[in-house]
Amino acid sequence: MKKRILVTGGVGFLGSHLCERLVKEGNDVICLDNFFTGQKNNIAHLMSNPYFELVRHDVTFPYYAEVDEIYNLACPASPIHYQFDPVQTTKTSVHGAINMLGLAKRTKAKILQASTSEVYGDPDVHPQPESYWGRVNPIGIRACYDEGKRCAETLFFDYHRQHKVKIKVMRIFNTYGPRMHPNDGRVVSNFIVQALKNKDITIYGDGNQSRSFCYVDDLIHGMIRLMDSKNDFTGPVNIGNPNEFTILELAQTVIDLTNSSSKLIFLPLPQDDPLQRQPNIELAKKELDWEPTVALKDGLIKTIAYFKGMTL
């Protein structure tokens, strides 16, 4: 049976890859987006497909459709974008969750929340397991995103307990790949764009802070695995790559792969920027039989090729 699937934030980086995969698998996909950060060219190749439908809509307002599954990805996810209008960011996470959970309750649809590793804040447990409650500054400049996503998780579990809504919650760790926005301020896109232009590569702090980078294809595979998992497995579950790299290592790898003449410059670390970020993915391995397969170098080669094809 062809499933009717709603993807909120479907024009964005992750959303467009998810829509593409779901259409390819033979589903009828509704892509919902308000185009705050999403770019229409991300899904232009899907527009002629009769089983793909694009709707301009903001999830902070109710939306009505008959669907079997909902992937709730709507929310700006990079600091530059989510700090531009922090009140709207919180509304998107909280009101968006309420509206989509209400739709799932009415249609008896299964619903997945794209949560984030940012719920762990600047962690004092490393690597981060799902049982760790986090260390978040609730009044800092990142709180609109961190606390908005934490509140969305609360709503998902309360709808599950109170209304028996079938939920899935995944915590996404740093993801990269083609269709990243060139000006989103994320470290991978920043470094690649700067390297391709032979500009100075800006490193915040001393560069010894660590991140774990997951290629987008691996992430989308994990997301679909979670949605298709047994109903009594709700998560939250970490989806990310457990291989840890320092920011300095990433910068040097990008310079080498682009044959760039860029030099490194160091700037102050932004407020509440976490010093370590690495997922414990034992739960995903056990429950979803999932782990990433794309090495950082291989993923960066594909991402660099995408940015080379853009007018930067």
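Small disclaimer: the values here were computed from a predicted structure and weren't measured. (Residues numbered from 1 in each chain as written. Predicted model: local features only at pLDDT ≥ 70, side-chain atom pairs only at ≥ 80, totals over all residues. Heavy atoms only, no water.)

**Q** Help me get a handle on the overall build of the protein, residues and values and all.
**A** Looking only at helices and strands, the protein features nine helices and 13 strands. For the protein, whose C-alpha radius of gyration is 19 Å, the value lies close to the compact-globule estimate of 20 Å for 312 residues. Each of the three principal axes of the protein carries a C-alpha extent, and together these read 55 × 45 × 40 Å. Residue pairs at least 24 apart in sequence account for 82% of intrachain contacts in the protein once pairs closer than 6 positions are excluded. Per element, the accessible surface of the protein, about 13700 Å² overall, is 51% carbon and sulfur. Once the 35 positive and 35 negative side-chain charges of the protein are each reduced to a mean point, those two points are 4 Å apart. (Helix = DSSP H or I, 4+ residues; strand = E, 2+ residues; numbered from the N terminus. Rg over C-alpha atoms; globule rule 2.2 N^0.38 Å. Contact = heavy atoms within 4.5 Å. Areas by Shrake-Rupley, 256 points an atom, 1.4 Å probe, with all protein chains shown as cover. Lys, Arg positive; Asp, Glu negative; His and termini not counted. Charge placed at Lys NZ, Arg CZ, Asp CG, Glu CD.)

**Q** Please give an account of a nonpolar patch on the surface that cites residues and values.
**A** Together, Tyr204, Ile265, Leu267, Leu269 and Leu275 make up a nonpolar patch on the protein surface, roughly 370 Å² of accessible area in all. With respect to the helices and strands, Ile265 occurs in strand β13 (residues 264-267). Assessed through its relative accessible area of 30%, Ile265 is described here as partly exposed. (Patch = residues over 30% accessible without salt bridge, like charges linked within 9 Å, V, L, I, M, F, W, Y side chains within 5 Å. Salt bridge = Lys/Arg side-chain N within 4 Å of Asp/Glu carboxyl O. Buried < 20%, exposed > 50% of the residue type's maximum accessible area, 1.4 Å probe, protein only.)

**Q** Let's hear about the packing of helix α5 (residues 187-196) against helix α7 (residues 247-258): which residues, and what values?
**A** Following both chains from N to C, one finds α5 and α7 inclined at 40°, their axes separated by 9 Å at the closest point. Both α5 and α7 take part in a crossing whose hand is right-handed. On α7, the residues that touch Val187, Val188, Phe191, Ile192, Ala195 and Leu196 of α5 are Ile247, Leu250, Ala251, Val254 and Thr258. Classifying every residue of the contact of α5 with α7 gives ten nonpolar, one polar and no charged. (Axes fitted to C-alpha atoms, helices over the stretch in contact; angles between N-to-C directions. Left-handed = near helix turned anticlockwise from the far one by under 90°. Nonpolar A, V, L, I, M, F, W, Y, C, P; charged D, E, K, R; others polar.)

**Q** Just give me the short version of the packing of aromatic side chains, but keep the residues and values in it.
**A** Within this structure, the stated rule accounts for six aromatic pairs. With a centroid separation of 6.0 Å and an interplanar angle of 20°, the aromatic rings of Tyr120 and Tyr132 are classed as stacked. Note that Tyr120 is positioned in the loop between β5 (110-116) and α4 (143-163) and Tyr132 in the loop between β5 and α4, a separation of twelve residues in sequence. Classification of Tyr120 by relative accessible area gives buried; the value is 0%. You can call Tyr132 buried: its relative accessible area is 12%. Here the aromatic rings of Tyr306 and Phe307 are separated by 5.4 Å at their centres, their planes lie at 75°, and the arrangement is edge-to-face. Among the aromatic residues, those joined into a ring-pair cluster are Tyr120, Tyr132 and Phe173. Lying across the ring of Tyr51, Lys2 places its NZ or CZ 3.9 Å from the centre. Across the ring face of Phe35, the terminal group of Lys40 is positioned such that the distance to the ring centre comes to 5.4 Å. (Phe/Tyr/Trp six-rings, centres within 6.5 Å; stacked < 30°, edge-to-face > 60°. Lys NZ or Arg CZ within 6 Å of the ring centre and 35° of its normal.)

**Q** Just give me the short version of the sheet that holds β5, but keep the residues and values in it.
**A** Within a sheet, adjacent strands bond to each other through the backbone by hydrogen bonds, running parallel or antiparallel. Reading across from one edge, β3-β2-β1-β4-β5-β6-β11 is the order of the seven strands in this open sheet, with parallel pairing throughout. The outermost strands of the open sheet, each flanked by one partner alone, are β3 (52-56) and β11 (237-239). Looking at each pair of strands side by side, their axes are set apart by 20° on average, direction ignored. Inspection of the sheet shows strand β1 (residues 4-8) paired to strand β2 (residues 28-33) by five bridges, in the parallel sense. Its bridge partner being in β2, Thr8 is matched across the sheet by Leu32. Set on the sheet, helix α1 (residues 13-24) makes contact with β1, β2, β3, β4 (69-72) and β6 (167-172); between it and β1 the angle comes to about 170°. In the packing of helix α6 (residues 216-227) onto the sheet, contacts are made with β4, β5, β6 and β11, and the angle to β6 comes to roughly 160°. (Pairing = 2+ DSSP bridges.)

**Q** Any chance you could break down the layout of surface pockets for me, citing the residues and the numbers?
**A** As a volume, the second largest pocket reaches approximately 200 Å³. Along its surface, the second largest pocket is lined by Val119, Tyr120, Tyr132, Trp133, Arg150, Glu153, Thr154, Phe157, Arg171 and Pro236. With four residues, the single largest contributor to the lining of the second largest pocket is α4. For the lining of the second largest pocket, the residue count by class is six nonpolar, one polar and three charged. (1 Å grid on protein atoms, 1.4 Å probe; cavity = no way out; pocket = protein on both sides within 12 Å on 5 of 7 lines; lining within 4 Å. Points joined across faces, edges and corners; volume = space filled by probe spheres on them.)

**Q** Got a sec to walk through helix α3 (residues 86-107)? Specific residues and values, please.
**A** In this model, α3 (22 residues) spans 31 Å end to end at C-alpha, consistent with the 32 Å of a helix rising 1.5 Å per residue. The sharpest bend along α3 comes to roughly 25°, located at Thr92. Buried residues of α3: Thr89, Thr92, Ser93, Val94, Gly96, Ala97, Asn99, Met100, Leu101, Leu103, Ala104 and Thr107, and no others. After α3 finishes, the residue Lys108 shows a positive phi value of roughly 60°. (Expected span 1.5 Å × (residues − 1). Bend = angle between axes of the 7 residues up to and from the residue.)

**Q** Outline the packing of α7 against helix α9 (residues 296-308), supporting the account with residue identities and numerical values.
**A** The contact between α7 and α9 brings their axes to 11 Å, and the two run at 55°. In terms of their interaxial angle, α7 and α9 are classed as oblique. Crossing angle aside, the handedness with which α7 passes α9 is right-handed. Taking contact as the criterion, the partners of Leu250, Thr253, Val254, Leu257 and Thr258 in α7 are, on α9, Leu296, Lys297, Leu300, Ile301 and Ile304. The class makeup of the residues in the contact of α7 with α9 is seven nonpolar, two polar and one charged. (Parallel < 35°, antiparallel > 145°, perpendicular 65-115°, else oblique.)

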